[in-house]
Amino acid sequence: MAELRPSVAPGPAAPPAPGPSASPAFASLFPPGLHAIYGECRRLYPDQPNPLQVTAIVKYWLGGPDPLDYVSMYRNMGSPSANIPEHWHYISFGLSDLYGDSRVHEFTGTDGPSGFGFELTFRLKRETGESAPPTWPAELMQGLARYVFQSENTFCSGDHVSWHSPLDNSESRIQHMLLTEDPQMQPVQTPFGVVTFLQIVGVCTEELHSAQQWNGQGILELLRTVPVAGGPWLITDMRRGETIFEIDPHLQQERVDKGIETDGSNLSGVSAKCAWDDLSRPPEDDEDSRSICIGTQPRRLSGKDTEQIRETLRRGLEINSKPVLPPINPQRQNGLTHDRPPSRKDSLESDSSTAIIPHELIRTRQLESVHLKFNQESGALIPLCLRGRLLHGRHFTYKSITGDMAITFVSTGVEGAFATEEHPYAAHGPWLQILLTEEFVEKMLEDLEELTSPEEFKLPKEYSWPEKKLKVSILPDVAFDSPLH
């Protein structure tokens, strides 16, 4: 629940933004992290010291549902000479550490990230005659913030968010998001660490799919070149009725298709509805990887496994020719991995889980035959996994959203995997790795071609390669409601 108010509204929970003339006594009472971000806002908007704000009525640290304390909304005049239209500029407060007293974020020092290390922004084209900014973007930002707080997965420039609904709940084609650096907001050094600003960019479904198949940064660059699709500042126009590929048909073939062929995809994994069965062992076998129990609770992914899967999902386009899966017990230097900042917890598991088998007691098993199961949306990404990742010597992970299970496809060029050419199917607890040779990938792409047009076939759908002892099923969503899945 949130309310709209000017930032000068009285009340101890929402003090006015301190300007250059603020007294030292007032500034000392103002939350330092909040003060630092307001300073950057005042640099950009010196004529708007008290913008409208959407504020959480009950703050997150008091038990409220909304992680963002505030979302400020500014009127940006754009730049007509640069073909940048007038728009509303939304800026969040709460993903970074505003207070420094551990009420929300743990203080980790001034040199690292403040809180999650970023705040969200959004630029929405101002409609003719619009005198006040719409407030729906604030709820959109709260939704993304809830995901970050609940999953503790942070966003980076080039990431995409599949939303599957018009961002403003209208009939708009803008139904998904990409994230990029805000073109005007500069990183801020606060007493609790550094804060950067990631801008939400609304995109059409076709543009999202291209970002998945190629990479988000490439599609963002294309959007910048098309004024009505975003322009240099990537301003979202909810009334845009055409994709960039409809506006300029040459972009698909000359830029995206060539980019996929040359670069592959930097989408290294997704959370999905998926499951797997060991066909070389009877399902009722007590040693089955899906059903080992301690007491009455099923075994969950161990902390070290989930950290490795989390790291796999975070890793993007690899620079070297032999990408490496991070070790199950990753060696960290000063708390950092090679590609992105570490998660703020060691495991995806809830603190209430008491049935976790210690990692050192779980052995890696070689399997003879496996059955993979995906829902339609997840299955449609298999060609991307094969063509955009494995044919470029990389890996791709499906992490189940309906249970503690994961499937990682690896190519022969990936080091650090526990699946090998000799034993291409290997399981570490409920985490399955599948190693596919280039020859087999090409065969699978031929057989799975119809997955690129999922609307053209009916579920369930089954594919089988008996000589490889591999079966893949595409199932309705309801098939994943079982606790085992």
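Note that the structure is a prediction, hence the values are computed from the model and not measured.

With respect to the pattern of salt bridges
Here is step 1 of the chain: For the structure shown, the criterion picks out 18 salt bridges.
Here is step 2 of the chain: Between Glu40 and Arg43 there is a salt bridge; the shortest N-O distance is 2.6 Å. Placement of both Glu40 and Arg43 in helix α2 (residues 32-44) is noted, with a separation of three residues, approximately one turn of the helix.
Here is step 3 of the chain: What makes Glu40 buried here is its relative accessible area of 8%.
Here is step 4 of the chain: Its relative accessible area of 41% is what places Arg43 among the partly exposed residues.
Here is step 5 of the chain: Here Asp477 makes a salt bridge to Lys273, at a shortest N to O gap of 3.9 Å. Of this pair, Asp477 sits in the segment after β21 (470-475) while Lys273 sits in the loop between β10 (269-272) and β11 (274-278), and the two are 204 residues apart along the sequence.

Regarding the environment of Ala427
Here is step 1 of the chain: Note that Ala427 resides in strand β18 (residues 425-428).
Here is step 2 of the chain: A sequence separation of 21 residues divides Ala427 from Ala406, and the C-alpha atoms of the two residues are 9.7 Å apart.
Here is step 3 of the chain: Look past the residues within four positions of Ala427 in its chain and what remains in contact with it is Trp276, Arg363, Thr364, Arg365, Leu367, Phe418 and Leu432.

Points about the environment of Ala272
Here is step 1 of the chain: Considering the arrangement of structural elements, one finds Ala272 in strand β10.
Here is step 2 of the chain: When the C-alpha positions of Ala272 and Ser400 are compared, they lie 5.1 Å apart, and in sequence the two are 128 residues distant.
Here is step 3 of the chain: Look past the residues within four positions of Ala272 in its chain and what remains in contact with it is Ser378, Tyr398, Lys399, Ser400 and Ile401.

Here's the deal with the nonpolar core
Here is step 1 of the chain: Among the nonpolar cores identified, the biggest contains 40 residues, and Leu372, Phe374, Leu386, Tyr398 and Phe409 are the most heavily contacted of them.
Here is step 2 of the chain: If near-sequence neighbours (up to four positions away) are discounted, Leu372 is found in contact with Ala275, Trp276, Ile407, Phe409, Leu432, Ile434, Leu470, Lys471, Val472 and Ser473.
Here is step 3 of the chain: In this structure, Leu68, Phe118, Ile174 and Leu179 belong to the second largest nonpolar core, which totals 30 residues.

Thoughts on the sheet that holds strand β20 (residues 461-465)
Here is step 1 of the chain: Taken together, the four strands give an open sheet; going across it, the order is β11-β15-β21-β20, and neighbouring strands pair in mixed fashion. Edge strands, defined here as strands with exactly one partner in the open sheet, are β11 and β20. Averaged over all adjacent pairs, the angle separating strand axes in this sheet is 15°, with direction ignored.
Here is step 2 of the chain: Pairing of β20 with β21 involves five bridges; the strand directions are antiparallel. Along β21, the bridge assignment pairs Glu462 with Ser473.

Some points on the side chain of Ser378
Here is step 1 of the chain: Turning to its location among the elements, Ser378 is positioned in helix α9 (residues 376-379).
Here is step 2 of the chain: Within the local environment of Ser378, its side chain forms a polar contact with the side chain of Asn375, the two groups lying 2.6 Å apart.
Here is step 3 of the chain: Not counting the four nearest positions on each side in its chain, Ser378 is found in contact with Ala272, Lys273 and Tyr398.

Overview of helix α7 (residues 250-263)
Here is step 1 of the chain: Taking 1.5 Å per residue, 14 residues should reach 20 Å; α7 reaches 19 Å between its end C-alpha atoms and fits that length.
Here is step 2 of the chain: Buried residues of α7: Leu251, Val256, Gly259 and Ile260, and no others.
Here is step 3 of the chain: On its buried face, α7 sits against α4 (205-213), α5 (216-225) and α6 (244-247).
Here is step 4 of the chain: Following α7 by one or two positions, Gly264 has its phi on the positive side, about 75°.

Details of the packing of aromatic side chains
Here is step 1 of the chain: A complete count under the given rule lists 16 aromatic pairs for this structure.
Here is step 2 of the chain: Seen from their ring centres, Tyr90 and Phe122 are 6.1 Å apart, and the 45° between their planes marks the pair as tilted. Separated by 32 residues along the polypeptide, Tyr90 in strand β4 (residues 87-93) and Phe122 in strand β5 (residues 113-125) bring together distant segments of the chain. In this pair, the class of Tyr90 matches that of Phe122, namely buried.
Here is step 3 of the chain: Here the aromatic rings of Phe116 and Phe149 are separated by 5.0 Å at their centres, their planes lie at 75°, and the arrangement is edge-to-face. Highlighted residues: Phe116 in strand β5 and Phe149 in helix α3 (residues 136-151), separated in sequence by 33 residues.

Quick look at helix α11 (residues 438-447)
Here is step 1 of the chain: Among all positions in α11, only Phe440, Val441, Met444 and Leu445 are buried. Considered in projection along α11, the buried side chains sweep an arc of 140° and stay on one side of the axis. In this structure, α11 carries Glu439 and Glu446 as exposed residues pointing more than 90 degrees from its buried face.
Here is step 2 of the chain: Along its buried surface, α11 packs onto α10 (382-389), β19 (431-436), β20 and β21.

Digging into the confidence of the model for the chain
Here is step 1 of the chain: Looking at the chain, pLDDT values average 82 and 77% of them are 70 or higher.
Here is step 2 of the chain: Low pLDDT, under 50, characterises residues 8-27; the stretch is placed with 28 contacts to residues that sit more than four places away or in other chains.
Here is step 3 of the chain: Ignoring residues within four places in sequence, the model shows residues 316-322, a span with pLDDT below 50, making 13 contacts including any to other chains.

Description of the environment of Gln199
Here is step 1 of the chain: Checked against the element boundaries, Gln199 lands in strand β9 (residues 193-203).
Here is step 2 of the chain: The class of Gln199 is buried, set by a relative accessible area of 0%.
Here is step 3 of the chain: Along the chain, Gln199 and Leu120 lie 79 residues apart, while their C-alpha atoms are 5.7 Å from each other.
Here is step 4 of the chain: Polar side-chain contacts of Gln199 include one of 3.1 Å to the side chain of Arg123.
Here is step 5 of the chain: Within polar-contact distance, the side chain of Gln199 engages the backbone oxygen of Trp233 at 3.0 Å.

Thresholds, definitions, all that
- Residues numbered from 1 in each chain as written.
- Predicted model: local features only at pLDDT ≥ 70, side-chain atom pairs only at ≥ 80, totals over all residues.
- Heavy atoms only, no water.
- Salt bridge = Lys/Arg side-chain N within 4 Å of Asp/Glu carboxyl O.
- Helix = DSSP H or I, 4+ residues; strand = E, 2+ residues; numbered from the N terminus.
- Buried < 20%, exposed > 50% of the residue type's maximum accessible area, 1.4 Å probe, protein only.
- Contact = heavy atoms within 4.5 Å.
- Core = buried A, V, L, I, M, F, W, Y, C linked by side-chain atoms within 4.5 Å.
- Pairing = 2+ DSSP bridges.
- Axes fitted to C-alpha atoms, helices over the stretch in contact; angles between N-to-C directions.
- Polar contact = N/O pair within 3.5 Å; in protein donor to acceptor, adjacent residues only side chain to side chain.
- Expected span 1.5 Å × (residues − 1).
- Phe/Tyr/Trp six-rings, centres within 6.5 Å; stacked < 30°, edge-to-face > 60°.
- Arc of directions from axis to C-beta.
- pLDDT = per-residue confidence, 0-100.

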